[in-house]
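# Inside the fold
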Amino acid sequence: MSHEPYAELAAGYALGALDPDERSQFEAHLRSRCPECEAALVEYAEGLATVAAELPQVSPPPALKARVLERIAARPEPVRQAPSRRRWGWPLLWTATLAAAAGVLAYLALTLTDVQRELAVRSHEAASLQAEAVRLRQEVGRLRDEAAGLRAEVARQRTVLALLSAPDTRVVALAGQEPSPKAHGRMWWDGDSRQGFFVTSGLPAVPSGKTYQLWVISGGKPISAGTFTVDQAGTSTLTVGPIPEATQPDVFAVTLEPAGGLPAPSGQMYLSGKTT
């Protein structure tokens, strides 16, 4: 018998796929210490071990396993044919390679499904975190604006308190004029710093396109001290100045002017009060 059939039997022997007669025949040949077959067996064993080590251990889902077992049980028993000596060898190795590739593809399919599911979860989490980050940025912006407003209000109140407690501060009463005889106001004026704090109540609501404007008349010249509106009760406050030109204020007055105010009074006077 030539050596070629034994070389083909070596692949089947490594896979455990020989029938009893072929196995006995090949083992008898091995006892003759054939170096080529021994080397082939070592090479096949190493190759199979490498493939087995690289294949992950994946447990199929219970439902899938049950379906596969049902299909196997339903198949008729195949008719066994006597194996020929030439059916093993490279065709058998090709079958083993296809089985290994099928296992790898099955593992990759399961892994891809897990990765896709994980990506969907992570994408949802990322979207939630992004929405939360936007909400937090908006909240930080709102709190920053509130803090800025509070700082400005604290600074204004400190100015007012310093003004009210200054020794040179004078209080000037403003009486209602013809359009609003029941209105009244108060001006706390510090002659040294040339600034003041104005409070009023009882004024009518401001018409559309109009505003109230406070004036300091010093040396016969009216100087704008700011514009303001009133709430539903007709009350308002206004921090004034400093106004460097108001060296000797004689009169404080309020007129109704176009929105934004004017450089000089043009409208009807609603409040007026002299300093002396």
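Criteria and cut-off values
Residues numbered from 1 in each chain as written. Predicted model: local features only at pLDDT ≥ 70, side-chain atom pairs only at ≥ 80, totals over all residues. Heavy atoms only, no water. Helix = DSSP H or I, 4+ residues; strand = E, 2+ residues; numbered from the N terminus. Buried < 20%, exposed > 50% of the residue type's maximum accessible area, 1.4 Å probe, protein only. Contact = heavy atoms within 4.5 Å. Areas by Shrake-Rupley, 256 points an atom, 1.4 Å probe, with all protein chains shown as cover. pLDDT = per-residue confidence, 0-100. Pairing = 2+ DSSP bridges. Axes fitted to C-alpha atoms, helices over the stretch in contact; angles between N-to-C directions. Salt bridge = Lys/Arg side-chain N within 4 Å of Asp/Glu carboxyl O. Core = buried A, V, L, I, M, F, W, Y, C linked by side-chain atoms within 4.5 Å. Disulfide = S-S within 2.5 Å.

## Topic: the overall build of the protein
- On a plain count of helices and strands, the protein comes out with 5 helices and 8 strands.
- Shown N-terminal to C-terminal, the secondary structure of the protein runs as helices and strands in the order α-α-α-α-α-β-β-β-β-β-β-β-β.
- Within the span of the protein, comprising 276 residues, buried residues form 26% of the whole.
- Restricting to contacts in the protein with at least 6 residues of sequence separation, those with at least 24 account for 61%.
- Summed over its atoms, the accessible surface of the protein is roughly 18200 Å², and 58% of this surface lies on carbon and sulfur atoms.

## Here we look at helix α1 (residues 4–15)
- By the burial criterion, the buried members of α1 are P5, Y6, E8, L9, A10, A11 and G12.
- Looking one or two places after α1, you find G16, whose phi comes out positive at around 70 degrees.

## Notes on the confidence of the model for the protein
- For the protein, the average pLDDT comes to 80, and 76% of its residues sit at 70 or higher.
- Here helix α4 (residues 62–74) stands out as the least confident element of the protein, with mean pLDDT 65; strand β4 (residues 210–218) is the most confident, with 96.
- Confidence drops under a pLDDT of 50 for residues 78–98, and excluding neighbours within four residues, the segment shows 26 contacts in the predicted structure.

## Structural notes on the environment of L164
- In this fold, L164 is placed in helix α5 (residues 90–165).
- Relative accessible area serves as the criterion here: at 38%, L164 is assigned to the partly exposed category.

## Topic: the sheet that holds strand β8 (residues 269–274)
- Within the open sheet, the 8 strands sit side by side as β5-β4-β7-β8-β1-β2-β3-β6. Their pairing is antiparallel. Of all strands in the sheet, those bounded by a partner on one side alone are β5 (221–228) and β6 (236–240). Pairwise comparison of adjacent strand axes, ignoring direction, gives a mean angle of 20 degrees for this sheet.
- Relative to β8, strand β1 (residues 169–176) runs antiparallel, the two sharing 2 bridges. Residue A175 lies in a different strand from β8, and its bridge partner there is S272.

## Here we look at the pattern of salt bridges
- Counted according to the given criterion, the structure contains 7 salt bridges.
- Residue E38 pairs with R33 through a salt bridge whose shortest N-O separation is 3.1 Å.
- R33 sits in the exposed class, given a relative accessible area of 60%.

## What about the nonpolar core?
- Counting residues in each nonpolar core, the largest one holds 23 residues, and the members touching the most others are M187, F198, L214, F228 and V240.
- One finds A10, A11, L41 and Y44 within the second-largest nonpolar core, a separate group that totals 12 residues.

## Examining the state of the cysteines
- Applying the stated criterion to the full structure yields 0 disulfides.
- Of the cysteine sulfurs around C34, a residue in no disulfide, the closest is that of C37, at 3.8 Å.
- On the accessibility criterion, C34 (9% relative accessible area) is buried.

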